[in-house]
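Overview (structure and organization)
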Amino acid sequence: MAEITAALVRDLREKTGAGMMDCKKALTEAAGDMDAAIDWLRAKGLSQAAKKSGRTTAEGLVAVASGKNKAAMVEVNAETDFVGRNEAFQAFVESVAHAALDAGDDLDTLSQAKLPTGRTVAEELTHLIATIGENMSLRRAKVLTVPSGIVASYVHGALRPGVGKIGVLAAVEAPSESEALLTLGRQIGMHVAATRPAALEVASVDPEALERERQVLIEQARESGKPEAIIEKMIEGRIRKFYEEVVLLEQVWVHDGETRVSKVVEKAGAKLIAFERFQLGEGIEKETSDFAAEVAAAAGA
């Protein structure tokens, strides 16, 4: 019997896309024979993940989990919205968020975290791919912490507690945790979900984005035929308006329509130090297909 080395297990995993423990078991069953191990995995339905690995995953779910002075948020993608309604998939995404509380938001580390099933996140994902029959991927994770206070979480349109398609974390620093602070944190989460701010404060606005906005505004102002001196003053005012649109602390509080977010947080005796917003599938280019052509091809037309 050939020795079952780590390199052999890794090689089988790369060939099949099956989980690490499944590959080790397959090699053991096949006495180290690679081809026999591949056949064993195929027979068990565990090598199907490799065949699906090229498919676009833009659907799925976002989940949040809370701990002491911290919270985690993850996005796990699948090919279709149908999978997002699968209870096993929902439970998996929820468990990954809880795993991130301890493992952190580095995806390589998180992928090796153990779940209650006894498998790692990566192994459980491969198992789900083989079971459900769609490609899936752990896309991103974020963990926020505060020295004191709360990291509030909010999920818009939750399918189950803490699991949905838009998630927000808000790190609110304060001397201690309180019901009022928890309410404020949830309200900030709702505000961020609705307004999609790009930065926490003016100083953290992306310089490239700011410069692009400035150039667009300058060109718009010049089209009006105004003198350069007037244009400069016009640009200053429009940049302030830009900040009010994209900077969280400069935005108008959606819950009253008049107060700045910075004033709301200040009045509560707290400090908003960070936020994160995940919207399912944002930034992923979805594939388009001709459904009629697909049906015709499948029918051999």
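So, here is what we can say about the structure in this document. (Residues numbered from 1 in each chain as written. Predicted model: local features only at pLDDT ≥ 70, side-chain atom pairs only at ≥ 80, totals over all residues. Heavy atoms only, no water.)

**Examining helix α11 (residues 228-246)**
The first and last C-alpha atoms of α11 sit 26 Å apart over 19 residues, in line with the 27 Å expected at 1.5 Å per residue. Listing the buried residues of α11 in full gives Ile 231, Ile 235, Ile 239, Phe 242, Tyr 243 and Val 246. Along the axis of α11, the buried residues cluster in a sector spanning 115°; they form a single face. Across from the buried face of α11, at angles greater than 90 degrees, the exposed residues are Ala 229, Lys 233 and Arg 240. For α11, the secondary structure elements touched by its buried residues are α10 (207-223). (Helix = DSSP H or I, 4+ residues; strand = E, 2+ residues; numbered from the N terminus. Expected span 1.5 Å × (residues − 1). Buried < 20%, exposed > 50% of the residue type's maximum accessible area, 1.4 Å probe, protein only. Arc of directions from axis to C-beta. Contact = heavy atoms within 4.5 Å.)

**Comments concerning the nonpolar core**
By size, the foremost hydrophobic cluster in this structure holds 28 residues, and its most contacted members are Val 74, Phe 89, Phe 92, Val 93, Leu 110 and Met 136. Elements with a minimum of two residues in this core: β1 (59-67), β2 (70-78), α6 (87-103), α8 (121-132) and β3 (136-145). Sorting elements by how many residues they give to this core places α6 first, with eight residues. One finds Leu 181, Leu 184, Ile 188 and Ala 270 within the second-largest nonpolar core, a separate group that totals 23 residues. (Core = buried A, V, L, I, M, F, W, Y, C linked by side-chain atoms within 4.5 Å.)

**Looking at the sheet that holds β3**
The strand order across the open sheet formed by four strands is β3-β2-β1-β5, and the pairing between neighbours is antiparallel. Each edge of the sheet is formed by a strand with only one pairing partner; in this case those strands are β3 and β5 (163-164). (Pairing = 2+ DSSP bridges.)

**Looking at the environment of Gln 220**
Within the secondary structure, Gln 220 sits in helix α10. With relative accessibility at 46%, the residue Gln 220 sits in the partly exposed group. Between the C-alpha atom of Gln 220 and that of Ile 231, which follows or precedes it by 11 residues, the distance is 9.6 Å.

**Examining the pairing of strand β6 (residues 166-173)**
Among the eight residues in β6, seven count as buried, and that is most of the element. Bridging between strand β4 (residues 149-156) and β6 involves eight bridges; their strand directions are antiparallel. Looking at the pairing, Ala 152 lines up with Ala 170 of β6. Here eight bridges tie β6 to strand β7 (residues 271-279), and the two strands are oriented antiparallel to one another. Its bridge partner being in β7, Glu 173 is matched across the sheet by Lys 271.

**Looking at the packing of α10 against α11**
With their axes 9 Å apart at the nearest point, α10 and α11 run at an angle of 135° to one another. One element, α10, and the other, α11, form an angle in the oblique class. Judged by the twist between their axes, the crossing of α10 over α11 is right-handed. Packed against α10, whose contacting residues are Leu 210, Glu 213, Arg 214, Leu 217, Ile 218, Gln 220, Ala 221 and Arg 222, the element α11 presents Glu 228, Ile 231, Met 234, Ile 235, Arg 238, Ile 239, Phe 242 and Tyr 243 at the interface. Considering only residue class, the contact of α10 with α11 consists of 10 nonpolar, one polar and five charged. (Axes fitted to C-alpha atoms, helices over the stretch in contact; angles between N-to-C directions. Parallel < 35°, antiparallel > 145°, perpendicular 65-115°, else oblique. Left-handed = near helix turned anticlockwise from the far one by under 90°. Nonpolar A, V, L, I, M, F, W, Y, C, P; charged D, E, K, R; others polar.)

**Quick look at the environment of Asp 102**
Inspection of the secondary structure puts Asp 102 in helix α6. Under the relative-accessibility criterion, Asp 102 is labelled exposed at 70%. It is 9.4 Å that separates the C-alpha atoms of Asp 102 and Val 143, two residues lying 41 residues apart in sequence.

**Some thoughts on the packing of aromatic side chains**
Applying the stated criterion across every chain, the model contains one aromatic pair. An angle of 45° between the planes, with centres 6.2 Å apart, marks the rings of Phe 242 and Tyr 243 as tilted. Under the relative-accessibility criterion, Phe 242 is labelled buried at 9%. Exposure remark for Tyr 243: the relative accessible area of 17% places this residue in the buried category. Positioned over the ring face of Phe 278 is Arg 140, at 4.0 Å from the centre of the ring. (Phe/Tyr/Trp six-rings, centres within 6.5 Å; stacked < 30°, edge-to-face > 60°. Lys NZ or Arg CZ within 6 Å of the ring centre and 35° of its normal.)

**Description of the sheet that holds β7**
Pairing in this open sheet of three strands is antiparallel, and the strands run β4-β6-β7 from one edge to the other. Each end of this open sheet is capped by a strand with a single partner; those strands are β4 and β7. Taken over all neighbouring pairs, the strand axes of this sheet differ in orientation by 10° on average, direction set aside. Against the sheet, helix α9 (residues 179-195) contacts β4, β6 and β7, and its axis sits at roughly 45° relative to β4.

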